[in-house]
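# Breakdown of the fold
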Number of protein chains: 2
Amino acid sequence: MRLSRYFLPTLKEDPKEAQIVSHRLMLRAGMIQQSSAGIYSWLPLGQRVLRNIEQVVREEQDRAGALEILMPTLQPADLWRESGRYDDYGKEMLRITDRHDRQMLYGPTNEEQVTDIFRSHVNSYKNLPLNLYHIQWKFRDEVRPRFGIMRGREFLMKDAYSFDLDFDGAKIAYNNMFVAYLKTFARLGLKAIPLRAATGPIGGDLSHEFIVLADTGESEVFYHKDLLSLETPDQASYSADELQAIVDKWTGYYAAADDMHDAAACDVAADDLVTRRGIEVGHIFHFGDKYSKIMGATVAGPDGKDVTVSMGSYGIGVSRLVGGIIEASHDYDGIIWPESVAPFKAGLINLKSGDEPCDQACDEFYGKLQGAGVEVLYDDTSGRAGEKFAKMDLIGLPWQATIGPRGVKSGIVEIKNRATGEKQELSADDALQLLAGRR
Amino acid sequence: MRLSRYFLPTLKEDPKEAQIVSHRLMLRAGMIQQSSAGIYSWLPLGQRVLRNIEQVVREEQDRAGALEILMPTLQPADLWRESGRYDDYGKEMLRITDRHDRQMLYGPTNEEQVTDIFRSHVNSYKNLPLNLYHIQWKFRDEVRPRFGIMRGREFLMKDAYSFDLDFDGAKIAYNNMFVAYLKTFARLGLKAIPLRAATGPIGGDLSHEFIVLADTGESEVFYHKDLLSLETPDQASYSADELQAIVDKWTGYYAAADDMHDAAACDVAADDLVTRRGIEVGHIFHFGDKYSKIMGATVAGPDGKDVTVSMGSYGIGVSRLVGGIIEASHDYDGIIWPESVAPFKAGLINLKSGDEPCDQACDEFYGKLQGAGVEVLYDDTSGRAGEKFAKMDLIGLPWQATIGPRGVKSGIVEIKNRATGEKQELSADDALQLLAGRR
């Protein structure tokens, strides 16, 4: 993509409305634009990151055996009356009346909707286990939306729902998602740790939040220092016993957010206990028959008798992750994208646009990168060199390739790694091999 | 994907609520489930088709140089007050009041929103031409939603918006989208013809609907018989003159829907005039400064003076196309998917699940297909052969591979082409080569 034909409205100054670094950098990098309070448009650079994150989340859900569906944004109020949540949910639920005076709502979550789909079609234990997920926009009418897309009102979420015959099955489903989440966050370049979370009136210990560590996080977390050195599971699939062993290993270390941490009861030695700030990016939760019972989601069991299915839900904040990744990965100059979600893999800077030899060398290198399948943003504009460098650092592409008058003479491309700052002078061919991931 | 682990709630009987074939087949093939009037959940098979169509549309927009953004579903009423459409739009607009009593709406279209993005960031003619598109859910509160997702209330649409300095530029942008649409519909396996459409108060001739021919279409269309034999443009890009020549060629033949057709004024010989029914799947429209003037979307021109930009909009009904393709491509037994949008490329039928040699041969062939990157739905269930064939015909995958006790002995796989009905008996290797597209 040539920058001269792209739409990248970057800002040189910090926007005053942004209180946290991810919001500030997303506005400065031209990724989003506010439409109204807590509601944003995603501009081309932001849209690419959002889509990349969505795709990683999707692939790991698919690998875990979850099936993708797509439920609508608007739901009938009657479904929520069945579960009893319509009156309970409060003002965060956006309630809507249509032209025929039917009561509807913009879904903040989908337990009722997915339970309705299940009970309409599934009648036998033979169709279990089942895990249905979707990636869809949701709405929560926050009283005070803030922090950009980190705490917006309209947000993109992946939510999965598992259906099992009994608690033992539900626990396997839970562990399966637990492990899928470890894999997902690792692929997104994040250190995410599972924290035992409050389970509410249902009780039990099958409820975990996944937290990304970032100095600017919303809550304080306390964890055993060895938790961060655990290896992420990397097999394509695991048996039920293997899943349990992984979950046991990860939950064997102390980890709690401030609302669950009790200094008096915590038995971790002071030297081993780390305190940092974190951002919640996922939540998995076993809730048993909370919805299936009240909504009549039953199947015929092996003995022919009706069994109320056991359920769990598993959320990942897809749009929130855009901010979460920036909070966890940036420096003074701007964003540092992990390769898996970067809007482009590389930026190409023409140090002297308009100079024929420079233009020719850059055009040629640009063509080669495209030919090799490298997604590249080519700054072919007439800006000053300093501005171009600053813009590339701001938008945080993993690699920068620079070609200027001196390099043209000697056939040299300067390659910079955004994360490490390391620079190398390479021949155009070697630079191509590096950016194409061939060396 | 093994059918035993998939969620494919097919129906044997025609659902009585469905009046048209696409609605009937989508329900019978387990693609959708109604949530409330005109609002549907997409089940796994339907979700895959929807995503495939979306991806073809996206790729052709990208190739045409349009830039993808993502605007939110909910918009502030104030934006629509600026354009004067808030009061004009009528009851099809779903109006919403949030917890702070702010007036909002579920976007039925995005002219105001995109014009607001443009005016916030673009100041110079040097940033033109610009074409921004998004693929997002929209809502029109139809008084009588019907025909399944063909005339639903919540629907997925691609809408692009072009910005140019003057009419000449806008016309190039228009022609560019015209040609992109021809390519898009051809890739979707459709015969789509452009019809000159009413332009409303603005006048001019830059307004075309794209219509898919189907006997069950909503409106009658009249066109010169030679229109259908025109070749679809296939170059990656075209100059402005070439674009104009293509548009001139396609619009040089008579074509009109019933609301524009005037038998008395039509100069096509009776033998050359074809009358059929059609379904609108796209609409492109030049509207000049209708929104840019009233909303102050101006840029500094080459002479430094402010110029109000000239705009056009370009829509494709992505969710509607799922139904449109079925209307255009089905038979008595079910759907016939074009390969470009099929939920799986092939179905594999185990004629005798539970029989060890059959299971082994099928599992092995399934593994080979997956290894070759062929998306396959493997019917490993215990159903009867007749049921399995009927189900595969119903869901319309382009290829069916069948392995039964006789074939296992002789190492033969029976391959059926869903569209032609043609059957071949092939060795497993030859069958693999065929399905992998290697012969």
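To start, this report covers the structure provided alongside it. Computed from a prediction, not measured in an experiment: that's the story for all the values here. (Residues numbered from 1 in each chain as written. Chains lettered and ligands numbered in written order. Predicted model: local features only at pLDDT ≥ 70, side-chain atom pairs only at ≥ 80, totals over all residues. Heavy atoms only, no water.)

As a further point, take the pairing of strand β13 (residues 273-288) of chain A. All names here are of chain A. With seven bridges connecting them, strand β10 (residues 207-213) and β13 associate as antiparallel partners. Bridging across to β13, I211 finds its partner in E280. Inspection of the sheet shows strand β11 (residues 219-224) paired to β13 by six bridges, in the antiparallel sense. Bridging across to β13, Y223 finds its partner in V274. (Pairing = 2+ DSSP bridges. Helix = DSSP H or I, 4+ residues; strand = E, 2+ residues; numbered from the N terminus.)

The second copy of the chain is related to the first by a rotation about an axis and a shift along the axis. Take chain B, turn it by 180°, move it 0.0 Å along the axis, and it overlays chain A with an RMSD of 0.0 Å. Given the turn and translation reported, the copies of this chain are related as if by a two-fold rotation axis. When each C-alpha of chain B is compared by its distance to the rotation axis, I96 of chain B comes out closest, at 3.0 Å. With an isologous cut-off of 70% or more, the 100% of interface residues of chain B that recur at the interface of chain A puts this contact in the isologous class. (Least-squares fit on C-alpha atoms with pLDDT ≥ 70 in both. Contact = heavy atoms within 4.5 Å.)

Before going further, it helps to examine the packing of helix α10 (residues 356-371) of chain A against helix α13 (residues 428-435) of chain A. Residues and elements named next belong to chain A. At a minimum axis distance of 10 Å, the contact between α10 and α13 shows a crossing angle of 35°. When the axes of α10 and α13 are compared, the crossing they make is right-handed. Contact with α10, carried on its side by F365, K368 and L369, involves A428, D429, A431, L432 and L435 of α13 and no other residues of that element. For the contact of α10 with α13, the per-class residue count stands at six nonpolar, no polar and two charged. (Axes fitted to C-alpha atoms, helices over the stretch in contact; angles between N-to-C directions. Left-handed = near helix turned anticlockwise from the far one by under 90°. Nonpolar A, V, L, I, M, F, W, Y, C, P; charged D, E, K, R; others polar.)

This paragraph deals with the interface of chain B and chain A. On the side of chain A, 57 residues touch chain B, which itself brings 56 residues to the contact. Across the chain B to chain A interface the summed buried area is about 4,700 Å²; carbon plus sulfur atoms make up 57%. Summed over the three residues of chain B that lose the most area to chain A, namely F7, L70 and R99 of chain B, the buried surface amounts to 15% of that side. Linking chain B with chain A are four salt bridges, by the criterion used here. Joining chain B to chain A, the criterion identifies 24 residue pairs in polar contact (both at pLDDT 80 or more). In terms of residue count, helix α2 (residues 44-63) of chain B provides more of the side of chain B that touches chain A than any other element does, six residues in total. Classifying every residue of the side of chain B that touches chain A by side-chain character gives 29 nonpolar, 12 polar and 15 charged. (Buried area = accessible area lost by both parts, 1.4 Å probe. Salt bridge = Lys/Arg side-chain N within 4 Å of Asp/Glu carboxyl O. Polar contact = N/O pair within 3.5 Å; in protein donor to acceptor, adjacent residues only side chain to side chain.)

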